[in-house]
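Reading the structure
Listed below are the residues making up each chain.
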Amino acid sequence: MGKLLKKGKELLNKNIGTFILFEILYKGIFVAVAYPMLIGIFRLVLKRAGLKYLTNGYIYRFLRNPFTIAAVLFVIIAIILYCIFEASALSFIYYESYRRNKVTVAETIRHGFGSFKHAMKHGNYLIMIRIFIEVITCNISVLIIVISGLTLPSAVKKVMFGNIWLKAVYVIVFLIALYYTVSGIFTLNYMAVDKMEYKRAKRNSKNVVKNNIIMIIKDLFIYNICVLALYWLSILMLTIIVVIFVKIFNMSSYGMVIFLTIFRIFNSGVTFMLFAFAVPGCILVISRLFEKCVVSHETHKEVDIKYYKYDEKKALFLRKIMVALTIVSIIIDGIYVYISSVNNPFDNVELMTLPEVTSHRGNSVKAPENTISAFEYAIKDMSDYIELDVQETADGELVVMHDPSLKRTTGINKKVASVTLAYIKSLDAGSYFSDEFKDERVPTLKETLEYVDKQVKLNIEIKATDTNISRISKKVADLIEEYELQDDCIVTSMKYDVLKAIKKCNEDIKTGYIISIAYGNFYNMAYVDAFSMNYAFVNKNTVDAVHARGKKVLVWTVNSAEKIENLTALGVDNIITDDPVMAREVIYSKYSYKELVDILNYVFNK
């Protein structure tokens with residue numbers, strides 16, 4: 001591993017700055033252009049397929065659509081062309097570095113375009129297929145890491161990996177791809193460096209490979225082992241850091257959820273980095289082999305490459321321009337991706353999403369429900385949402401309280417609607433839970449919004465009467481607008497007229513209709529963005545029917561790990577629970593490795 005890295009460093013030593021600057025600039029431009037383009041294509045394909053939400057059940061229908069097939073082919077060809085240009089440019093950098101010639105990014109781009117144009121000439125189109133297979137085969141370790149991190153439904157996993165004969169087919173296909181890759185592994189190098197035609201370059205590659213096949217396979221194997229080793233080493237370091245942090249701050253009860261949350265982000269980042277460096281890594285290894293097997297031997301007599309005279313002043317000027325362009329592209333890239341990610345259509349793909357976690361009435365296991373203390377614990381427990389209940393007092397104030405009567409939580413047998421805010425504020429809403437929370441007060445909705453301050457999203461359930469629907473809805477909508485929470489909350493109610501009133505106040509506020517039993521054709525209700533259902537009545541057909549209308553499914557109140565796992569498999573969007581820590585552990589454990597989870601459960605004494 002160390003030897004491979006050392007050789008790679010030696011090969012790039014002359015132009016390491018050019019390599020880094022080119023990669024950042026090239027990747028930055030690619031992301032800025034490709035990401036919004038991909039989103040646009042996906043939106044268009046979904047629309048042409050007649051889908052608002054891509055459930056697992058609709059995947060086959062989606063993939064067999066002719067427009068989808070055309071879009072997939074377009075994306076694959078675009079990625080291949082992207083890889084060919086990058087590979088051509090990097091081959092130039094590696095080759096010139098071997099020749100001890102310094103080059104600039106501008107020269108690299110110019111040569112990359114020249115080699116790319118040559119590769120796309122009539123008769124050379126087969127290089128596209130070769131590059132596609134070569135990048136995948138040479139980076140089999142990346143493919144293994146990505147596949148192992150996929151959260152596929154159990155039925156799909158069983159079909160894809162449950163049959164031993166199918167596994168044998170995968171092995172055979174890989175061996176065929178490996179043979180195809182190795183036999184012509186230097187084809188692009190000959191085309192990029194010697195400007196050969198595809199067939200001649202492939203023939204030369206085969207002749208060289210015959211005498212060096214063992215070394216070539218060995219170096220490809222070492223490269224992939226190094227990638228896997230670095231991946232697992234980074235996981236080990238992350239695990240150690242999290243364990244030390246948890247132990248130092250005495251947060252063992254949160255240890256697993258902290259690790260799983262960080263691991264999900266970490267794994268997404270690592271996967272992106274692996275994809276980003278798959279081509280450079282592959283080309284580095286192949287260029288190193290090309291140097292050993294071809295360039296350093298007399299067999300390489302046909303080199304006709306233009307050597308560049310390195311002008312220090314000109315290079316410095318060009319480097320400043322490229323650095324400026326790189327910085328600008330990164331800034332624009334970040335802004336562009338952020339803008340493009342608003343209403344991201346990939347959020348409407350079941351395979352790419354996991355349920356969010358809502359703390360029921362705050363964390364009502366650790367503190368009295370619907371109090372600031374309960375909300376504080378919910379935030380500490382890393383909940384995505386807090387569910388709370390809003391009622392109107394006799395003097396028109398909005399307080400956070402579930403029951404119409406004050407008796408259960410304050411001991412006073414009076415209705416919320418019959419007393420003033422001042423009277424409610426005089427009551428003890430915490431002693432019923434434990435002496436620790438003695439003198440806890442009932443908060444107003446305004447106090448709650450100020451305390452939460454966008455640290456977590458809110459599920460605001462309006463408890464309205466038939467006489468105050470318009471009034472209470474208007475007050476809640478006004479507060480949401482005042483605190484700019486349109487994108488950070490959902491208003492729910494068991495009364496459809498409440499949701500209708502909210503939408504009339506502000507159509508940007510998301511609404512959810514609370515139903516105890518899911519039956520009948522309720523999916524098309526006009527003023528509803530989501531349905532909040534009793535989990536016992538939720539099944540796959542219901543979830544798919546709701547998603548097909550572009551709406552979301554919230555389920556309540558789920559306190560069993562087994563039920564949360566089942567509901568996650570059904571594709572629900574939000575799980576309302578009294579135990580948010582447990583819920584997140586169950587949901588996020590799908591993104592980690594079972595053996596690692598078992599070890600950490602032992603470390604955290606769970």
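Okay, so let's go over this structure. (Residues numbered from 1 in each chain as written. Predicted model: local features only at pLDDT ≥ 70, side-chain atom pairs only at ≥ 80, totals over all residues. Heavy atoms only, no water.)

1. Observations concerning a negative patch on the surface
Residues Glu481, Asp487, Glu507 and Asp508 make up a contiguous surface patch of negative charge. Inspection of the secondary structure assignment puts Asp487 in the loop between helix H20 (469–482) and strand S5 (489–493). Using a relative accessible area of 63% as the deciding quantity, one classes Asp487 as exposed. (Patch = residues over 30% accessible without salt bridge, like charges linked within 9 Å, V, L, I, M, F, W, Y side chains within 5 Å. Areas by Shrake-Rupley, 256 points an atom, 1.4 Å probe, with all protein chains shown as cover. Salt bridge = Lys/Arg side-chain N within 4 Å of Asp/Glu carboxyl O. Lys, Arg positive; Asp, Glu negative; His and termini not counted. Charge placed at Lys NZ, Arg CZ, Asp CG, Glu CD. Helix = DSSP H or I, 4+ residues; strand = E, 2+ residues; numbered from the N terminus. Buried < 20%, exposed > 50% of the residue type's maximum accessible area, 1.4 Å probe, protein only.)

2. Observations regarding the side chain of Ser359
In this fold, Ser359 is placed in strand S1 (residues 356–360). In contact with Ser359, not counting residues within four places along its chain, are Ala378, Ser383, Tyr385, Ile386, Glu387, Thr577 and Pro580. (Contact = heavy atoms within 4.5 Å.)

3. Quick look at the side chain of Lys551
By secondary structure assignment, the location of Lys551 is in the loop between helix H22 (540–548) and strand S8 (552–556). It is Asp529 that comes nearest to the buried, bridge-free Lys551 among opposite-charge side chains, at 5.7 Å. From its side chain, Lys551 meets the backbone oxygen of Val528 in a polar contact 2.7 Å long. (Polar contact = N/O pair within 3.5 Å; in protein donor to acceptor, adjacent residues only side chain to side chain.)

4. Section: the pattern of salt bridges
Under the defined criterion, the tally for this structure stands at 21 salt bridges. For Lys292, the salt bridge is made with Asp219, and the minimal N-O distance between the two is 3.1 Å. Placement of the pair is Lys292 in helix H14 (residues 278–295) and Asp219 in helix H12 (residues 213–248), with a sequence separation of 73 residues. With a closest N to O distance of 3.1 Å, Glu369 and Arg361 form a salt bridge. Of the two residues, Glu369 and Arg361, both sit in the buried class. Salt bridges sharing common partners tie together Arg361, Glu369, Asp403 and Arg408.

5. Side note on the pairing of S5
The buried fraction of S5 is high, at 5 of 5 residues. Burial along S5 is two-sided: Cys489, Val491 and Ser493 and Ile490 and Thr492, pointing in opposite directions, are all buried. In the sheet, strand S4 (residues 457–462) pairs with S5 via 4 bridges, with the strands oriented parallel. Paired with Glu461 across the bridge in S5 is Thr492. Following the backbone out of S4, through H20 and into the adjacent parallel S5, one traces a crossover that is right-handed. Both S5 and strand S6 (residues 510–515) contribute to a ladder of 4 bridges, which runs parallel. Of the residues in S6, the one forming a bridge with Ser493 is Tyr513. For the crossover that starts at S5, traverses helix H21 (residues 496–505) and ends in the parallel S6, the hand is right-handed. (Pairing = 2+ DSSP bridges. Right-handed = clockwise from strand over helix to strand, strands pointing away.)

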